Structures are given as structure tokens and as C-alpha cells.
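# Descriptive structure summary
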Amino acid sequence: MTVDAKYLDGSALYGDDLAPGDIARWYAQEEQGFYKLATEVYKLEASGAYSYEYDALNAFHGFDRLRGRRFDTCVALGCAAGDDVAPLADRVGRFIGIEPAEEWWRDRIGGRPAAFIKPLPSGDIPLPDDGADLFVSLGVLHHIPNVSHVLAEAHRILRPGGLLVFREPITSMGDWTKARYGLTQNERGLPLPWLHDRLDRIGFDIVREAPCMTNALAKIAAKVLPGHLYARRGYVALDAAVSRLLAFNISYHRTAFLKRIAPSNVFMIAEKR
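If you're wondering where the values come from, they're calculated on a predicted model, not measured in any experiment.

### Let's talk about the overall build of the chain
Helix and strand counts for the chain stand at 8 helices and 8 strands. Relative to its length of 273 residues, the chain is compact, with a C-alpha radius of gyration of 18 Å against a globular reference of 19 Å. If one aligns the C-alpha atoms of the chain with their principal axes, the spans along those axes are about 45 × 45 × 40 Å. Looking at the chain residue by residue over its 273 residues, the buried ones come to 51%. Residue pairs at least 24 apart in sequence account for 70% of intrachain contacts in the chain once pairs closer than 6 positions are excluded. On the chain, roughly 12,500 Å² of surface is accessible, and the fraction owed to carbon and sulfur atoms is 56%.

Okay, structure coming up:
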């Protein structure tokens, strides 16, 4: 398969313009992708339990910025068992999880009522207009083909002034037409200029944007720090500072070694106009 140059230079997002049949095939390949990956590569326990590793990262760049606000309904896209959004439970009335792996479905998240529904291949979300005030998606959109439609659905579901909080890779993640260890079949990052344009067109204003997760730093730190780096507040603060300094070097398809010395992800908070 030859990849069109527009998908490599970041001017377009691969998968966002697929026909319905191709979207359905992509969905079928990704539906249980992360659950299988967690089981086979990350050795998920048979009970469905897993060790969530991004609490400090999510708090530093996202959840801490929501202090002092209350949310009646938080929609959590691709939230597994809800460990990623559980720290929000002290300010959320109820959660609605959109999660394909039913093994992870629960009736409560962080002690708050939770209802889970399956995502649809079309990207439609069966929830009413203006019915939520917070929509959280942490490392999920890059698994989805029709990202524009899903973002538009998030906008429809949110009330005016509601917040979209998400973290996503902003690199191609290598050649997504070939098998890659530790990654699901179709995942690829979202180009940063594309994200800016799409959010604006859909009707979101970016409230906060922070580059993060510089892999070169993580490789060095992992040699001296045990456990999950992004569960460590001190490391996340260091990574944030380094990522800001290296943001000038951000590019999408990073084939040159020096281009890889840059943040690999972005954390955004956007408000519905």
C-alpha cells in the first residue's frame, strides 16, 4: 500500500475520509484491539484489572485545570473500566462510558453512577443534544477512522460552554500500513495543524494546549526511574518543561532522527462555542 503524501505531511488525516464500508472494517479491526493488546502484550489480569499509568499526566495538564467546576454529566470515550476519569469523580454527577470491550463495563466509576454504551462504527453517539457538560477522550481518537465526525458528535452532545478534554499523539507513529509492536492495527497520530483547523471548523475554542511526552527524555528517565513515568508528578513537570522547549521541532511523519527529539503528544482543553 502506498500512502498519499498528504497523509504524511500532516495536511490531511488518514482514515478521516473513508467510505462507510472501509470505516466498518477499520472498526471491526480496532473494536477489541486495545483489550487484546492489554491482554497479550501488557499482560492484563484475567479479572480485567490493569495498572493505569497516566494519572499524573492527566492531572497536570487536564484535570487540575478543572478545579472549582462541577459537571453534571461526563462522557468518557474509550475509557476502559474508567480508571482514566475516576479522579474526576469528586466533581462529576455521573459518567457515561463509550467503550467497545464489555469486559470493562462497570456501574460506577470512582463511586459515581456510570452507564456504559458501545460505540457505533459510523461514529454516531446515541446521546441527546446539549446533554453533557464534559467530554473526555484520552489517547482514543487516534484509533478511530472518522475523527472529524466523532469530534462533531462531541460538540453536539456538549452544552454551550461545555468542555472537551483530550490527549492524543501528534506523530504518524511510524508506518501504519505495517504491523508495529505494541500498537493496534490502524492507530496513527493526529497532525497538530489538522487538529487546530478541525476544532475551529466544528465550533470549539482551544482553552489550553500543552505539548507533552517527549520520548527521547522518557528513554533516558526510564533507565533510572522504576515504574510508570507518567504516574510521577515530578517527571510529568520535567517533561512539560522539556516538551515546551522542543515544541519548535514538532513534525508529523518523523523519519529523521533529529525530528524525533520533540513532543509526541498534545493535551488540549477546548470549549464549545
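### Focus: the packing of helix α5 (residues 147-157) against helix α6 (residues 192-202)
Between α5 and α6, the shortest axis-to-axis distance is 10 Å and the interhelical angle comes to 40 degrees. Taken together, α5 and α6 sit at an angle that is classed as oblique. By crossing handedness, the relation of α5 to α6 is classed as right-handed. For the pair α5 and α6, contact is made by V147, S148, L151, A152 and H155 and by W194, R198, L199 and I202, respectively. Tallied by class, the residues present in the contact of α5 with α6 amount to 6 nonpolar, 2 polar and 1 charged.

### Focus on the side chain of R91
Here R91 lies in the loop between β1 (71-77) and β2 (92-98). A polar atom in the side chain of R91 sits 2.8 Å from the backbone oxygen of F63.

About the thresholds
Residues numbered from 1 in each chain as written. Predicted model: local features only at pLDDT ≥ 70, side-chain atom pairs only at ≥ 80, totals over all residues. Heavy atoms only, no water. Helix = DSSP H or I, 4+ residues; strand = E, 2+ residues; numbered from the N terminus. Rg over C-alpha atoms; globule rule 2.2 N^0.38 Å. Buried < 20%, exposed > 50% of the residue type's maximum accessible area, 1.4 Å probe, protein only. Contact = heavy atoms within 4.5 Å. Areas by Shrake-Rupley, 256 points an atom, 1.4 Å probe, with all protein chains shown as cover. Axes fitted to C-alpha atoms, helices over the stretch in contact; angles between N-to-C directions. Parallel < 35°, antiparallel > 145°, perpendicular 65-115°, else oblique. Left-handed = near helix turned anticlockwise from the far one by under 90°. Nonpolar A, V, L, I, M, F, W, Y, C, P; charged D, E, K, R; others polar. Polar contact = N/O pair within 3.5 Å; in protein donor to acceptor, adjacent residues only side chain to side chain.

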